[in-house]
Amino acid sequence: MKYPCCGTIKDNKSADFTAMEVVPFNELSQVKKYRRLLIDVYLSAYADIPEYAYTSRGDIWHYLNWLFRRSRGGFFAVFCDGHLGGFVGADPEWLDLDQTKVGEIHELAIAREYQGRGVGSLLLARAVSFLAQWGHRRVGLWVGVNNHRAIEFYRRKGFVPGPVKGIWQRMYLDLSQVAQ
């Protein structure tokens, strides 16, 4: 099932790379194999907004392990011409603020050199599709209140703002409004 809210790469020519592949990470061994590169992508993604990120490689590694364990098949990486460009962690069993189950996107991290080139849209579409396969009609995420670029990205994809908690903005995507 395709979710037009999230889009796909329009054409790889405008993206400056010739091959892009989304790879599901279904085994912890995959996360371990790409440990250094996943951490590098994470650090690159948060270079301009460190107030929202873990900053030590050890803390990031523990966080990546937590993301993988929570994802239950919803951890995806994208490789652009063989280089790791980003990853997403989607959780199909998260409890929302009102204690109801919601499909949750815990992390969408795109290396700086791949930002604005369709990689995030592709990973977001894959995560939303994964959560829809689990039967979710609503997807949620938290984004830093001052991460204006990400907030605008999610708005363009159909997410609407929810409550603010400290430095975090809650956003939701209603799949019944976008799925067809």
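As a starting point, this report considers the structure included with it. Since the model is a prediction, treat every value here as computed from it, not as a measurement.

**Examining the nonpolar core**
Counting 57 residues, the largest nonpolar core has Leu64, Phe87, Ile105, Leu123 and Tyr154 as the members making the most contacts within it. A total of nine residues in this core trace back to one element, the largest contributor, which is helix 5 (residues 119–133). Leave out the neighbours within four places in its chain, and Leu123 touches Val22, Phe76, Ala77, Val78, Gly86, Phe87, Val88, Leu108 and Ile110.

**Thoughts on the pairing of strand 5 (residues 138–144)**
Regular strands place side chains that alternate from one sheet face to the opposite one. Most of strand 5 is tucked away: five of the seven residues are buried. Bridging between strand 4 (residues 101–110) and strand 5 involves three bridges; their strand directions are parallel. Residue pairing for strand 5: Ile105 is matched across the bridge by Leu141. Of the crossover connections in this fold, the one passing from strand 4 over helix 5 to the parallel strand 5 is right-handed.

**Here's the deal with helix 6 (residues 148–156)**
Within the sequence span of helix 6, burial applies to Ala150, Ile151, Phe153 and Tyr154. Angularly, the buried residues of helix 6 cover 160° about the axis, an arc narrow enough to put them on a single face. Of the exposed residues in helix 6, those oriented more than 90 degrees away from the buried face are His148, Arg149 and Arg156. Looking at the packing, one finds that the buried side of helix 6 touches strand 4, helix 5, strand 5 and strand 7 (168–174).

**A short note on the pairing of strand 3 (residues 83–95)**
Sheet analysis places strand 2 (residues 75–80) next to strand 3, joined by six bridges and oriented antiparallel. Counted as the bridge partner of Cys80 is His83 from strand 3. Where strand 2 folds back on strand 3, the antiparallel hairpin that results is connected by two residues, among which Asp81 adopts a positive phi of roughly 50°. With eight bridges connecting them, strand 3 and strand 4 associate as antiparallel partners. Within strand 4, the residue paired with Trp94 across the bridge is Val102. Counting the residues in the hairpin turn of strand 3 and strand 4 gives five residues, including Gln99, whose phi is positive at 70°.

**Here we look at the sheet that holds strand 7**
Across the sheet, which stays open at both edges, the seven strands sit in the order 1-2-3-4-5-7-6 with mixed pairing between neighbours. Because the sheet does not close on itself, it has two edges, and the strands there are strand 1 (20–24) and strand 6 (160–165). The mean angle between the axes of side-by-side strands here comes to 25°, regardless of whether they run parallel or antiparallel. Packed on one face of the sheet, helix 4 (residues 57–71) meets strand 2, strand 3 and strand 4 and runs near 55° to strand 3.

**Observations concerning the packing of aromatic side chains**
The description of an aromatic ring pair uses the distance of the two centres, along with the angle that the planes make with each other. Applying the stated criterion across every chain, the model contains 15 aromatic pairs. Pairing Tyr42 with Tyr46 gives two aromatic rings, centres 4.7 Å apart and planes at 40°, and the pair type is tilted. The class for Tyr42 is buried, based on a relative accessible area of 1%. Seen in terms of ring centroids, Trp66 and Trp94 are 6.2 Å apart; in terms of plane orientation they differ by 90°. Their pairing is edge-to-face.

What counts as what
- Residues numbered from 1 in each chain as written.
- Predicted model: local features only at pLDDT ≥ 70, side-chain atom pairs only at ≥ 80, totals over all residues.
- Heavy atoms only, no water.
- Core = buried A, V, L, I, M, F, W, Y, C linked by side-chain atoms within 4.5 Å.
- Buried < 20%, exposed > 50% of the residue type's maximum accessible area, 1.4 Å probe, protein only.
- Helix = DSSP H or I, 4+ residues; strand = E, 2+ residues; numbered from the N terminus.
- Contact = heavy atoms within 4.5 Å.
- Pairing = 2+ DSSP bridges.
- Right-handed = clockwise from strand over helix to strand, strands pointing away.
- Arc of directions from axis to C-beta.
- Axes fitted to C-alpha atoms, helices over the stretch in contact; angles between N-to-C directions.
- Phe/Tyr/Trp six-rings, centres within 6.5 Å; stacked < 30°, edge-to-face > 60°.

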